[in-house]
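Here's the letter readout for the chains.
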Amino acid sequence: MRDVPVPQHSPSPRELDDIELIVSGALPGPLNAPGSPLTLALPDAVASAATVDGSVEIVDPEGLPLARVTWPAGEVTGLSSPAYGPFRRLYLTPEQTRTEYAGRTVVPVADALTTTEIDEIAALGPVLLLALVGHGTPSLSPVALLRATLLAADTLPDAAVVAVPLAAHDDPEADHALGVAVVAAYAGEDEVHALAADSDDYPDAIAAVIDRDQPAPAEQGLVVFFTGLSGSGKSTLARALMDRILEQGARTVTSLDGDVVRRNLSAGLTFSKEDRETNIRRIGWVAAEISRHGGLAVCSPIAPFDSTRQDVRRYVDDAGGAFFLVHVATPLEECERRDRKGLYAKARRGEIPEFTGISSPYEEPADADVRVDTTGRSIDDALDDVIEGLREAGYLDL
Ligand SMILES: Nc1ncnc2c1ncn2[C@@H]1O[C@H](COP(=O)(O)OS(=O)(=O)O)[C@@H](OP(=O)(O)O)[C@H]1O
Ligand SMILES: Nc1ncnc2c1ncn2[C@@H]1O[C@H](COP(=O)(O)OP(=O)(O)O)[C@@H](O)[C@H]1O
């Protein structure tokens, strides 16, 4: 009997796709082989436990064990088939695909098919449309690419559709090589047909799928994220922005203010680096969910660490929302001069440990959409910079 549980880890969507393809036999393992784009990163604590145990259990976002990965060797063994996500029934292994669809011409599909391409495919006889829907591969969301590909299949004389979670790794050469290997595994002996250069003459039904999946910036979910020192003006500007949005009446808005979140969603957290990261990831997670449904969230925590802000950007991006970062760059001297809550004085006296700007770091963002120093400016004047940035990006016209 083991006295410690096997360490578990729920990986990123890209890593999950890679693991699924290794388990299905579409790609060779192991993970983390030198020079391989198929990598798995574990948080330090999980990596230490995995090293002691010799393996880590990979679970899906809902906790279902999918695979066991030896650690640090990276050999992958499947435990169960993924059961999540729309169109799951279309995700077959190479072996299942070859058994079910042998003899068809295989056509890899990484984007919605145009009328020209559908005509090209119609001339091939019975086909298997291999929809490459891994994280970051199609410009459409995976579910929209499958919807569009099924619509195209309906108009073809004899077409089957299989989904393949072939993820992108920010390395075009490596991704091309992975794509060739995966398509070869699914095609087996059958012919592979690469589509010729495309046009953009989509059938109406497919054009509608694309439009719904890629809303114009003004219709997209939006997260406006203010970051800056305590007293820089985040809450004041966030509140003024929300008032303007509510006055205009076109959209509803959810506020995720630093102080307010710490009294409910993040009650009990301290100001240690770890707890601040947890706090910001919670805010980011909620904001991303709001943006998933086309909503608007205005966040105003200090969020002092760049890597945590990048996590939030990724959550929002993955949810299909837009992330708009405002750096309220009021200098420390001015924030301390204002000292509205008397906290800087206490921090200087050593009564508040780990106070941002005094005894805890603030990493200035290099990726802000707007940078606003409120020193010597009225609130309306400073707010104008934010509104102008949002208007220029096409997100909000206030
Ligand atoms: N040690 C320490 N450092 C910084 N701030 C402190 C600290 N202790 C309490 N406060 C008060 O908490 C507010 C910041 O909370 P946040 O959740 O925005 O901070 S963080 O993003 O998790 O770093 C912050 O509010 P704002 O002034 O609105 O920024 C402070 O009032
Ligand atoms: N142009 C300005 N924009 C925002 N706040 C300003 C400005 N000028 C002065 N202030 C004052 O600075 C303080 C900022 O506090 P607050 O908005 O709570 O900051 P934070 O949320 O970043 O801690 C408020 O007292 C506000 O009235």
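So, how was this worked out
- Residues numbered from 1 in each chain as written.
- Chains lettered and ligands numbered in written order.
- Predicted model: local features only at pLDDT ≥ 70, side-chain atom pairs only at ≥ 80, totals over all residues.
- Heavy atoms only, no water.
- Helix = DSSP H or I, 4+ residues; strand = E, 2+ residues; numbered from the N terminus.
- Buried < 20%, exposed > 50% of the residue type's maximum accessible area, 1.4 Å probe, protein only.
- Contact = heavy atoms within 4.5 Å.
- Areas by Shrake-Rupley, 256 points an atom, 1.4 Å probe, with all protein chains shown as cover.
- Lys, Arg positive; Asp, Glu negative; His and termini not counted.
- Charge placed at Lys NZ, Arg CZ, Asp CG, Glu CD.
- Near = heavy atom within 4 Å.
- Polar contact = N/O pair within 3.5 Å; in protein donor to acceptor, adjacent residues only side chain to side chain.
- 1 Å grid on protein atoms, 1.4 Å probe; cavity = no way out; pocket = protein on both sides within 12 Å on 5 of 7 lines; lining within 4 Å.
- Sits in = over half its atoms within 2 Å of the grid points.
- Salt bridge = Lys/Arg side-chain N within 4 Å of Asp/Glu carboxyl O.
- Pairing = 2+ DSSP bridges.
- Axes fitted to C-alpha atoms, helices over the stretch in contact; angles between N-to-C directions.
- Points joined across faces, edges and corners; volume = space filled by probe spheres on them.
- Nonpolar A, V, L, I, M, F, W, Y, C, P; charged D, E, K, R; others polar.
- Domains from an automatic or database assignment.
- Buried area = accessible area lost by both parts, 1.4 Å probe.

Participant: Explanation requested: the overall build of the protein in the structure shown.
Facilitator: Within the protein one finds 14 helices and twelve strands. Across its three principal axes, the protein shows a C-alpha extent of roughly 75 × 60 × 35 Å. Taking all 398 residues of the protein together, the buried fraction comes to 46%. Here the analysis covers contacts within the protein between residues at least 6 apart in sequence; of these, 71% occur between residues at least 24 apart. Total accessible area on the protein is roughly 19100 Å²; 52% of this is exposed by carbon and sulfur atoms. Charge-centre separation for the protein: the mean point of 33 positive side chains lies 11 Å from the mean point of 63 negative side chains.

Participant: How should I be thinking about the site of ligand 2 in this particular structure?
Facilitator: The full set close to ligand 2 counts 16 residues, and Gly-231, Ser-235, Thr-236, Arg-340 and Arg-377 are the nearest of them. Between ligand 2 and Leu-229 there is a distance of 3.4 Å, counted from an oxygen atom to a backbone nitrogen or oxygen. At 3.0 Å from an oxygen atom of ligand 2 is found a main-chain nitrogen or oxygen belonging to Gly-233. Cavity membership is defined here by more than half of the atoms lying within 2 Å of grid points; on that basis ligand 2 lies in the second largest pocket. Sorting the residues of the shell around ligand 2 by element identifies helix 8 (234-248) and helix 14 (379-392) as the ones contributing at least two each. Broken down by element, the shell around ligand 2 gets its largest block of residues, four residues, from helix 8.

Participant: Is there a simple way to think about the pattern of salt bridges in this case?
Facilitator: As a working rule, side chains carrying opposite charge can pair if their charged atoms are close by. One pass over the full model with this rule turns up 20 salt bridges. When the shortest N-O distance is used, the salt bridge between Asp-259 and Lys-341 registers 2.6 Å. Of this pair, Asp-259 sits in helix 9 (residues 258-263) while Lys-341 sits in the loop between helix 12 (332-338) and helix 13 (343-348); the two residues are 82 residues apart in sequence, bridging distant segments of the chain. Overall, the relative accessible area of 37% leaves Asp-259 in the partly exposed class. Between Asp-385 and Arg-377 there is a salt bridge; the shortest N-O distance is 2.9 Å. We classify Arg-377 as partly exposed; its relative accessible area is 27%. When salt bridges that share partners are traced, they join Arg-281, Asp-311 and Arg-314 into one network.

Participant: When you look at the sheet that holds strand 1 (residues 8-9) in this model, what are you seeing that I'm missing?
Facilitator: Strand-to-strand pairing in sheets goes through backbone hydrogen bonds, with the strands running parallel or antiparallel. Across the sheet, which stays open at both edges, the four strands sit in the order 1-2-3-4 with mixed pairing between neighbours. Strands at the two margins of the open sheet, each flanked by one partner only, are strand 1 and strand 4 (76-78). Strand direction decides the pairing type here: strand 1 and strand 2 (residues 55-59), joined by two bridges, are parallel. Within the sheet, the bridge partner assigned to Gln-8 lies in strand 2 and is Glu-57. Against the sheet, helix 1 (residues 13-23) touches strand 1, strand 2, strand 3 (65-70) and strand 4, its axis set at about 75 degrees to strand 4.

Participant: Before we go on, may I ask you to explain the layout of surface pockets in this structure?
Facilitator: Over the atoms, a rolling probe the size of a water molecule traces out where space has been left empty. Size it by volume and the largest pocket reaches roughly 1900 Å³. Lining the largest pocket are 48 residues, with His-135, Pro-142, Arg-292, Asp-318 and Ala-319 positioned closest to its centre. Elements with a contribution of two residues or more to the lining of the largest pocket: helix 1, helix 5 (142-155), helix 7 (204-213), helix 10 (273-292) and helix 11 (306-318). No other element matches helix 10, which puts five residues into the lining of the largest pocket. Of the residues that constitute the lining of the largest pocket, the class distribution is 20 nonpolar, 17 polar and eleven charged. Size it by volume and the second largest pocket reaches roughly 940 Å³. What lines the second largest pocket is a set of 44 residues, and nearest its centre among them are Ser-230, Gly-231, Lys-234, Asp-259 and Lys-341. Elements with a minimum of two residues in the lining of the second largest pocket: helix 8, strand 9 (254-257), helix 9, helix 10, helix 12, helix 13 and helix 14.

Participant: Explanation requested: the domain arrangement of the protein in the structure shown.
Facilitator: Taken as a whole, the protein is organised into domain 1 (8-78), domain 2 (88-213) and domain 3 (217-392). The distance between the C-alpha centroids of domain 1 and domain 2 comes to 26 Å. The interface is formed by twelve residues belonging to domain 1 together with 18 residues belonging to domain 2. Summed over both sides, the interface of domain 1 with domain 2 buries roughly 1100 Å², with 71% coming from carbon and sulfur. Between domain 1 and domain 2 we count one salt bridge in total. Note that Arg-88 is salt-bridged to Glu-20, the shortest N-O span being 2.9 Å. The interface formed by domain 1 and domain 2 includes three residue pairs in polar contact (both at pLDDT 80 or more).

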